[in-house]
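Residues per chain are reported as follows:
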Amino acid sequence: MVEKDLFEEKEVQLTKKGLVRKRKPKKKNVYFTEETEEAILEYRNCHSKDEKDYIYNKKIHFAFYKLCENIIHTFKFYYLDTESIEDLKYEVVSFLLQKLNLYQQSKGKAYSYFGTIAKRYLINYNQKNYKKAVAKVEMEEIDNEERTIEKLIDKDEPDAVDMNPIVEDQIS
């Protein structure tokens, strides 16, 4: 059995302001790293399908998936044409995979390039689905208005008054 010294000194971490840190600092969860960018360049230069599949699955897929997830939730692209947000993520990831061979390192970082592509894709997707949602709501409102008018005009209702004789008397 090992006894611990009660007065054992521990290393104290300080904040930027010089105060004692009360909790552990958060670890950065970087999902799109230099290794990911290098893997994208390696993928572009590779000619074997098996090797491309291996590189994509082991080094690129997770970064694309997290990038899409973060963009969807950050900018709140929630007008869906798919069953779930998970399906939308995979749709955007597949679109990024189609654009993978178009990336040029001389134009900038891969994170910026693919982030911009994903965001623009989602903006167009969201606008298209928003227009569908608005059109669908308008049609439902019109349909409800027609039903209300039909109920008012319907002569089969017991409380309905036949206005034809009254109108004919007024005209004659």
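An account of the accompanying structure is given in this report. Please read these numbers as outputs of a predicted model, since none were measured by experiment. (Residues numbered from 1 in each chain as written. Predicted model: local features only at pLDDT ≥ 70, side-chain atom pairs only at ≥ 80, totals over all residues. Heavy atoms only, no water.)

### Observations concerning helix α1 (residues 34-45)
Now for step 1: Between its first and last C-alpha, α1 extends 17 Å over 12 residues, near the 16 Å set by a 1.5 Å rise per residue.
Now for step 2: Among all positions of α1, only Thr36, Glu37, Ala39, Ile40, Leu41 and Tyr43 are buried. (Helix = DSSP H or I, 4+ residues; strand = E, 2+ residues; numbered from the N terminus. Expected span 1.5 Å × (residues − 1). Buried < 20%, exposed > 50% of the residue type's maximum accessible area, 1.4 Å probe, protein only.)

### Looking at the pattern of salt bridges
Where charged atoms from two side chains of opposite charge come close, those side chains can pair.
Now for step 1: Taken as a whole and judged by the stated rule, the model has seven salt bridges.
Now for step 2: Put simply, Lys59 and Glu42 hold a salt bridge, and the shortest N to O gap is 3.6 Å. Of this pair, Lys59 sits in helix α2 (residues 49-74) while Glu42 sits in helix α1, placing them 17 residues apart in sequence.
Now for step 3: Since its relative accessible area comes to 39%, Lys59 is described here as partly exposed. (Salt bridge = Lys/Arg side-chain N within 4 Å of Asp/Glu carboxyl O.)

### Considering unusual backbone geometry
Now for step 1: A positive phi angle, close to 55 degrees, is found at Lys76, a residue other than glycine.
Now for step 2: Relative to the assigned elements, Lys76 resides in the loop between α2 and α3 (85-98).
Now for step 3: Lys76 gets classed as exposed once you look at its relative accessible area, which sits at 54%.

### A short note on the packing of aromatic side chains
Now for step 1: Enumeration over the complete set of coordinates arrives at 12 aromatic pairs.
Now for step 2: Look at Tyr79 and Tyr130: their rings are 5.0 Å apart centre to centre, the planes differ by 70 degrees, and that puts the pair in the edge-to-face class. Of this pair, Tyr79 sits in the loop between α2 and α3 while Tyr130 is found in helix α4 (residues 110-153), placing the two residues 51 residues apart along the sequence.
Now for step 3: The exposure class of Tyr79 is partly exposed, given its relative accessible area of 38%.
Now for step 4: Members of the aromatic cluster, connected to one another through ring pairs, are Tyr31, Phe32, Phe64, Tyr103, Tyr111, Tyr113 and Phe114.
Now for step 5: The residue whose ring lies beneath Lys52 is Tyr43, and the NZ or CZ to ring-centre distance is 5.1 Å. (Phe/Tyr/Trp six-rings, centres within 6.5 Å; stacked < 30°, edge-to-face > 60°. Lys NZ or Arg CZ within 6 Å of the ring centre and 35° of its normal.)

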